[in-house]
Amino acid sequence: MKYKTPKIDNDWDIILKNEFKKKSFKKLMQFIDNERKKYNVFPSPENIFNAFKISSFSKTKVIIIGQDPYHRIGQAHGLSFSVNNTLIPPSLKNILKELKADVKSTITDNGNLEKWAHQGVLLLNVILTVREKEAGSHKNIGWENFTNMVISKLSAEKKGLIFLLWGRLAQKKSELINSKKHYILKTTHPSPFSAHKGFLGCKHFSKTNNILIKNKQKPINWNLCSNSPTLF
């Protein structure tokens, strides 16, 4: 299949233009095309860059870094930790649990986090694709180089961003972030294996909004229920 340059349809197209032209990136896209011939690969091709499509470069003010997409049918749709249905994975259950405890969010079975993304929360996975039922199957095929570039670009060209780094993999990305220009909030991963070691009770949602307000920016309405007031 002939290589087709990904199209984001916002300012990320300019930011990522040179990256998309690299031989290494074209090779990555070809690898994924070949994978789809043999396996179910998530998310679907049109959703791989969904995080960028919803939260433009200029609009992004908060970044939540995840590992790789959910690997069950119907879940992954290009946003870290988010699902496109009501079957909520364990890590996301803990995120919603902390959300309720921290900002008194209304109880919901909605695991779709697009509402956050539309407010400038870049929900970025380190690895953007995965084989069905094979977590980490697209590790070390090139996505890490791409997303490291994205994080570095955000750090270099913007200021006052808030990075939420949950778990060891995400926390390693702090090396790419200028802590003198940006805010970095770290805790354990929301997975059931580690959430009780720091994630539950971290209050990252309210802390993020307090930083935004201090910097005279609009806080994030974390509540996932429709037509709900901003809570923090």
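Figured I'd write up the structure that's included with this text. (Residues numbered from 1 in each chain as written. Predicted model: local features only at pLDDT ≥ 70, side-chain atom pairs only at ≥ 80, totals over all residues. Heavy atoms only, no water.)

1. Things to note about the overall build of the chain
Of regular secondary structure, the chain possesses nine helices and six strands. By the compact-globule yardstick of 17 Å for 232 residues, the chain fits well, its C-alpha radius of gyration being 17 Å. If you line up the chain on its principal axes, its C-alpha atoms span 50 × 35 × 35 Å. Counting every position in the chain, which comprises 232 residues, the buried fraction comes to 52%. Of the accessible surface of the chain, which amounts to about 11,600 Å², a share of 52% is contributed by carbon and sulfur atoms. Separation of charge centres in the chain, based on 39 positive and 17 negative side chains, amounts to 5 Å. (Helix = DSSP H or I, 4+ residues; strand = E, 2+ residues; numbered from the N terminus. Rg over C-alpha atoms; globule rule 2.2 N^0.38 Å. Buried < 20%, exposed > 50% of the residue type's maximum accessible area, 1.4 Å probe, protein only. Areas by Shrake-Rupley, 256 points an atom, 1.4 Å probe, with all protein chains shown as cover. Lys, Arg positive; Asp, Glu negative; His and termini not counted. Charge placed at Lys NZ, Arg CZ, Asp CG, Glu CD.)

2. Some words on the pairing of strand β5 (residues 162-166)
A large share of β5 lies buried, amounting to five of its five residues. Side-chain alternation along β5 places Ile 162, Leu 164 and Trp 166 on one buried face and Phe 163 and Leu 165 on a second face that is also buried. Relative to strand β6 (residues 183-187), β5 is paired through five bridges, and the arrangement is parallel. In the strand pairing of β6, Leu 165 is matched with Lys 186. (Pairing = 2+ DSSP bridges.)

3. Overview of unusual backbone geometry
Residue Pro 43 is reached from Phe 42 by a cis peptide bond, and omega for that bond is -5°. Within the secondary structure layout, Pro 43 lies in the loop between β1 (41-42) and α4 (50-54). Phi at Phe 81 takes a positive value of approximately 70°, unusual for a residue other than glycine. Note on placement: Phe 81 falls in the loop between β2 (62-66) and α5 (90-103). Despite not being glycine, Lys 133 shows a phi value in the positive range, around 60°.

4. Re the packing of α5 against helix α9 (residues 204-214)
Running from N to C, α5 and α9 cross one another at 55°; their axes reach a closest spacing of 8 Å. When the axes of α5 and α9 are compared, the pair comes out oblique. From α5, Ile 95, Glu 98, Leu 99, Asp 102 and Val 103 reach across to α9, where they touch His 204, Phe 205 and Ser 206. (Axes fitted to C-alpha atoms, helices over the stretch in contact; angles between N-to-C directions. Parallel < 35°, antiparallel > 145°, perpendicular 65-115°, else oblique. Contact = heavy atoms within 4.5 Å.)

5. A look at the side chain of Asp 102
By secondary structure assignment, the location of Asp 102 is in helix α5. Look at Asp 102: it is buried, it has no salt bridge, and the nearest opposite charge is Lys 203 at 4.5 Å. When near neighbours in sequence (up to four residues on either side) are disregarded, Asp 102 contacts Lys 203, His 204, Phe 205 and Ser 206. (Salt bridge = Lys/Arg side-chain N within 4 Å of Asp/Glu carboxyl O.)

6. Let's talk about α5
For α5, which comprises 14 residues, the first-to-last C-alpha distance of 20 Å matches the rise-based estimate of 20 Å (1.5 Å per residue) to within 8%. Along α5, the residues classified as buried are Ser 91, Leu 92, Asn 94, Ile 95, Leu 96, Glu 98, Leu 99, Asp 102 and Val 103. Those residues of α5 hidden inside the fold are in contact with α6 (114-117), β5 and α9. Just past α5, the residue Lys 104 takes up positive phi, approximately 55°. (Expected span 1.5 Å × (residues − 1).)

7. What about the nonpolar core?
Judged by nonpolar contacts, the single largest core of 64 residues is most densely connected at Trp 12, Phe 49, Phe 52, Trp 116, Trp 143 and Phe 146. Here the element with the most residues in this core is helix α7 (residues 143-157); it accounts for six residues. Discounting residues that sit within four places of it in the chain, Trp 143 has contacts with Phe 25, Leu 28, Met 29, Ile 32, Ile 48, Phe 49, Val 126, Ile 127, Leu 128, Thr 129 and His 138. (Core = buried A, V, L, I, M, F, W, Y, C linked by side-chain atoms within 4.5 Å.)

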